[in-house]
Amino acid sequence: LIGVDRRNEDENSRSDTMLLLSINTETKKILLTSFMRDSYVHIPGHKDAKLNAACTWGGAQLVMDTIEYNFNIKIDNYMLIDFAIFESVVDGLDGIEVEVTEKEAKYMRDAVHLSDIAAGESVEPDGEEALWYCRIRKLDSDFMRTKRQRKVMTAIIDKCTKTNPLKMYEILSSVIDE
(Lines give C-alpha, C1' and ligand atoms only; values in the text may rest on other atoms or scores of the structure.)
Protein backbone atom coordinates (compact mmCIF):
# COMPACT_ATOMS: atom_id res chain seq x y z
CA LEU A 1 0.00 0.00 0.00
CA ILE A 2 1.49 3.28 -1.10
CA GLY A 3 -0.15 6.34 0.39
CA VAL A 4 0.83 9.50 -1.44
CA ASP A 5 0.55 13.12 -0.35
CA ARG A 6 -0.93 14.09 -3.72
CA ARG A 7 -3.36 16.96 -3.57
CA ASN A 8 -3.70 17.49 -7.35
CA GLU A 9 -4.11 14.54 -9.69
CA ASP A 10 -1.57 15.83 -12.22
CA GLU A 11 1.34 16.33 -9.83
CA ASN A 12 4.07 13.93 -8.81
CA SER A 13 3.99 13.21 -5.12
CA ARG A 14 5.99 11.63 -2.37
CA SER A 15 4.97 8.40 -0.75
CA ASP A 16 3.85 9.43 2.71
CA THR A 17 3.09 5.83 3.70
CA MET A 18 4.53 2.51 2.53
CA LEU A 19 2.98 -0.59 4.07
CA LEU A 20 3.64 -4.12 2.96
CA LEU A 21 0.67 -6.39 3.53
CA SER A 22 1.67 -10.05 3.75
CA ILE A 23 -0.82 -12.89 4.02
CA ASN A 24 0.33 -16.11 5.64
CA THR A 25 -1.74 -18.75 3.84
CA GLU A 26 -1.04 -21.37 6.50
CA THR A 27 -2.06 -19.34 9.56
CA LYS A 28 -4.47 -17.10 7.60
CA LYS A 29 -2.99 -14.06 9.36
CA ILE A 30 -2.20 -10.68 7.87
CA LEU A 31 1.07 -8.96 8.70
CA LEU A 32 1.60 -5.24 8.07
CA THR A 33 5.18 -4.02 7.73
CA SER A 34 5.99 -0.32 7.56
CA PHE A 35 8.85 1.18 5.59
CA MET A 36 10.09 4.43 7.07
CA ARG A 37 9.67 7.22 4.55
CA ASP A 38 12.87 8.95 5.67
CA SER A 39 15.03 5.82 5.29
CA TYR A 40 18.11 6.75 3.30
CA VAL A 41 18.32 4.11 0.54
CA HIS A 42 19.68 3.49 -2.94
CA ILE A 43 17.03 4.32 -5.53
CA PRO A 44 17.75 2.23 -8.66
CA GLY A 45 18.66 4.42 -11.63
CA HIS A 46 18.95 7.46 -9.37
CA LYS A 47 21.07 8.63 -6.47
CA ASP A 48 20.81 7.60 -2.83
CA ALA A 49 18.00 9.51 -1.14
CA LYS A 50 15.07 9.22 1.23
CA LEU A 51 12.76 6.34 0.32
CA ASN A 52 9.76 8.61 -0.21
CA ALA A 53 11.58 10.36 -3.11
CA ALA A 54 11.26 7.19 -5.22
CA CYS A 55 7.57 7.88 -5.79
CA THR A 56 8.25 11.42 -7.00
CA TRP A 57 10.94 10.24 -9.39
CA GLY A 58 9.27 7.14 -10.79
CA GLY A 59 5.87 6.47 -9.28
CA ALA A 60 4.70 3.25 -7.65
CA GLN A 61 6.96 1.05 -9.77
CA LEU A 62 10.11 2.81 -8.58
CA VAL A 63 8.90 2.58 -4.97
CA MET A 64 8.49 -1.19 -5.36
CA ASP A 65 11.83 -1.53 -7.17
CA THR A 66 13.55 0.45 -4.41
CA ILE A 67 12.03 -1.61 -1.61
CA GLU A 68 12.81 -4.86 -3.44
CA TYR A 69 16.42 -3.76 -4.05
CA ASN A 70 17.17 -2.47 -0.54
CA PHE A 71 15.21 -4.95 1.55
CA ASN A 72 15.42 -8.10 -0.61
CA ILE A 73 11.63 -8.44 -0.69
CA LYS A 74 9.52 -9.49 -3.68
CA ILE A 75 6.37 -7.41 -4.08
CA ASP A 76 3.59 -8.91 -6.16
CA ASN A 77 1.05 -6.09 -6.36
CA TYR A 78 0.42 -2.62 -5.07
CA MET A 79 -2.37 -0.20 -4.33
CA LEU A 80 -1.71 3.53 -4.54
CA ILE A 81 -4.05 5.82 -2.64
CA ASP A 82 -4.14 9.54 -2.01
CA PHE A 83 -5.81 11.60 0.70
CA ALA A 84 -9.21 11.75 -1.07
CA ILE A 85 -9.36 7.99 -1.68
CA PHE A 86 -8.37 7.23 1.91
CA GLU A 87 -11.04 9.54 3.30
CA SER A 88 -13.66 8.07 0.93
CA VAL A 89 -12.91 4.52 2.07
CA VAL A 90 -13.14 5.38 5.78
CA ASP A 91 -16.30 7.46 5.24
CA GLY A 92 -17.80 4.69 3.08
CA LEU A 93 -17.31 2.31 6.00
CA ASP A 94 -19.11 4.83 8.25
CA GLY A 95 -15.88 5.38 10.17
CA ILE A 96 -13.54 2.97 11.89
CA GLU A 97 -12.79 2.19 15.50
CA VAL A 98 -9.35 2.98 16.92
CA GLU A 99 -7.84 3.76 20.28
CA VAL A 100 -6.64 7.37 20.52
CA THR A 101 -4.51 8.52 23.44
CA GLU A 102 -5.22 11.79 25.21
CA LYS A 103 -1.91 13.17 23.89
CA GLU A 104 -2.92 12.30 20.27
CA ALA A 105 -6.44 13.71 20.71
CA LYS A 106 -5.07 16.96 22.20
CA TYR A 107 -2.61 17.30 19.30
CA MET A 108 -5.39 16.82 16.75
CA ARG A 109 -7.61 19.36 18.54
CA ASP A 110 -4.84 21.95 18.94
CA ALA A 111 -2.67 21.55 15.83
CA VAL A 112 -5.21 20.33 13.28
CA HIS A 113 -8.30 21.97 14.81
CA LEU A 114 -10.44 18.84 14.83
CA SER A 115 -12.54 19.75 17.84
CA ASP A 116 -14.69 16.58 17.79
CA ILE A 117 -11.81 14.15 18.38
CA ALA A 118 -11.62 12.65 21.85
CA ALA A 119 -9.40 10.11 23.54
CA GLY A 120 -10.59 6.62 24.29
CA GLU A 121 -10.58 2.96 23.40
CA SER A 122 -13.30 3.11 20.77
CA VAL A 123 -12.97 6.45 19.04
CA GLU A 124 -14.74 6.42 15.68
CA PRO A 125 -12.97 8.93 13.43
CA ASP A 126 -14.41 9.87 10.07
CA GLY A 127 -12.19 9.93 6.97
CA GLU A 128 -10.64 13.33 7.61
CA GLU A 129 -9.94 12.56 11.27
CA ALA A 130 -8.47 9.14 10.44
CA LEU A 131 -6.21 10.72 7.81
CA TRP A 132 -4.90 13.31 10.27
CA TYR A 133 -4.45 10.63 12.91
CA CYS A 134 -2.27 8.65 10.46
CA ARG A 135 -0.26 11.74 9.55
CA ILE A 136 0.68 12.87 13.09
CA ARG A 137 4.48 13.30 13.02
CA LYS A 138 5.55 16.11 15.28
CA LEU A 139 3.95 14.69 18.42
CA ASP A 140 6.42 11.87 18.98
CA SER A 141 8.35 9.91 16.34
CA ASP A 142 8.06 8.38 12.90
CA PHE A 143 7.99 4.97 14.60
CA MET A 144 4.82 5.99 16.44
CA ARG A 145 3.44 7.49 13.24
CA THR A 146 3.83 4.20 11.38
CA LYS A 147 2.30 2.40 14.36
CA ARG A 148 -0.76 4.65 14.05
CA GLN A 149 -0.92 3.90 10.32
CA ARG A 150 -0.86 0.14 10.97
CA LYS A 151 -3.50 0.55 13.67
CA VAL A 152 -5.81 2.40 11.24
CA MET A 153 -5.20 -0.11 8.43
CA THR A 154 -5.98 -2.97 10.82
CA ALA A 155 -9.22 -1.19 11.78
CA ILE A 156 -10.12 -0.72 8.10
CA ILE A 157 -9.44 -4.40 7.34
CA ASP A 158 -11.46 -5.44 10.40
CA LYS A 159 -14.39 -3.22 9.40
CA CYS A 160 -14.27 -4.54 5.81
CA THR A 161 -14.58 -8.13 7.03
CA LYS A 162 -17.76 -7.15 8.94
CA THR A 163 -19.31 -5.10 6.13
CA ASN A 164 -21.97 -6.39 3.76
CA PRO A 165 -20.30 -7.41 0.45
CA LEU A 166 -22.72 -5.23 -1.53
CA LYS A 167 -21.77 -2.19 0.53
CA MET A 168 -18.07 -3.04 -0.01
CA TYR A 169 -18.72 -3.19 -3.76
CA GLU A 170 -20.35 0.28 -3.60
CA ILE A 171 -17.39 1.69 -1.66
CA LEU A 172 -14.84 0.22 -4.04
CA SER A 173 -16.81 1.32 -7.10
CA SER A 174 -16.92 4.90 -5.87
CA VAL A 175 -13.20 4.89 -5.08
CA ILE A 176 -12.26 3.40 -8.45
CA ASP A 177 -14.31 6.09 -10.22
CA GLU A 178 -12.29 8.79 -8.45
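**Looking at helix H5 (residues 142-161)**
Piece 1. Its 20 residues place the ends of H5 29 Å apart at the C-alpha level, agreeing with the 28 Å of an ideal helix rising 1.5 Å per residue.
Piece 2. Packed against the buried residues of H5 are strand E2 (15-24), strand E3 (29-34), helix H2 (83-92), strand E7 (98-100), helix H3 (102-110) and helix H4 (127-135).

**Side note on the sheet that holds strand E1 (residues 2-4)**
Piece 1. The sheet built from four strands is open, its strands ordered E3-E2-E1-E6 with mixed pairing. In the strand order of this sheet, the two ends are held by E3 and strand E6 (80-81), each with one partner.
Piece 2. Bridge analysis of E1 against E2 gives three bridges, and the strand direction is antiparallel. Residue Ile 2 lies in a different strand from E2, and its bridge partner there is Met 18.

**A look at empty space enclosed by the protein**
Piece 1. Scanning all chains against the criterion turns up one cavity of 30 Å³ or more.
Piece 2. Forming the walls of the largest cavity are 15 residues, and the residues nearest its centre are Gly 3, Thr 17, Ile 81, Phe 86 and Leu 131.
Piece 3. Among the residues making up the lining of the largest cavity, the classes are represented as nine nonpolar, three polar and three charged.

**A word on helix H1 (residues 53-71)**
Piece 1. For H1, spanning 19 residues, the distance from its first C-alpha to its last is only 16 Å, which falls clearly below the expected 27 Å at 1.5 Å a residue.
Piece 2. Its maximal kink placed at Gly 59, H1 deviates by approximately 130°.
Piece 3. Along H1, the residues classified as buried are Ala 53, Ala 54, Cys 55, Ala 60, Leu 62, Val 63, Met 64, Thr 66 and Ile 67.
Piece 4. Where the residues of H1 are buried, they touch E1, E2, strand E4 (40-42), strand E5 (48-50) and E6.
Piece 5. The positive-phi residue at the C-terminal boundary of H1 is Asn 72, with phi of around 55°.

Conventions and cut-offs
- What you see as residue numbers is a count from 1 along each chain, following the sequence as written.
- This being a predicted model, a pLDDT of at least 70 is required before a residue's local features are given, and a value of 80 or more before pairs of side-chain atoms are given or counted; all residues contribute to the totals for chains, interfaces and linings.
- Only hydrogens and water are removed before side-chain values are computed, so all heavy atoms of the structure are retained for them.
- Numbered from the N terminus, helices here are DSSP runs of H or I no shorter than four residues, and strands are runs of E no shorter than two.
- One fewer than the residue count of a helix, multiplied by 1.5 Å, yields its expected span.
- Throughout, a contact is declared for two residues whenever any of their heavy atoms are within 4.5 Å.
- Criterion used throughout: strands pair if DSSP finds at least two bridges between them.
- Throughout, the protein atoms alone are placed on a 1 Å grid, and a set of points is a cavity if a 1.4 Å probe fits but cannot get out or a pocket if it is open with protein on both sides within 12 Å along at least five of seven lines; lining residues have an atom within 4 Å of a point.
- Grid points are joined across faces, edges and corners, and a volume is the space filled by probe spheres set on the points.
- Under the scheme applied, nonpolar residues are Ala, Val, Leu, Ile, Met, Phe, Trp, Tyr, Cys and Pro; charged residues are Asp, Glu, Lys and Arg; polar residues are all the others, including Gly.
- Bend is computed residue by residue as the angle between axes fitted to the seven residues ending at the residue and the seven residues starting at it.
- The buried label goes to any residue with under 20% of its type's maximum accessible area, the exposed label to any with over 50%, and the partly exposed label to all in between, with areas taken from a 1.4 Å probe on protein chains only.

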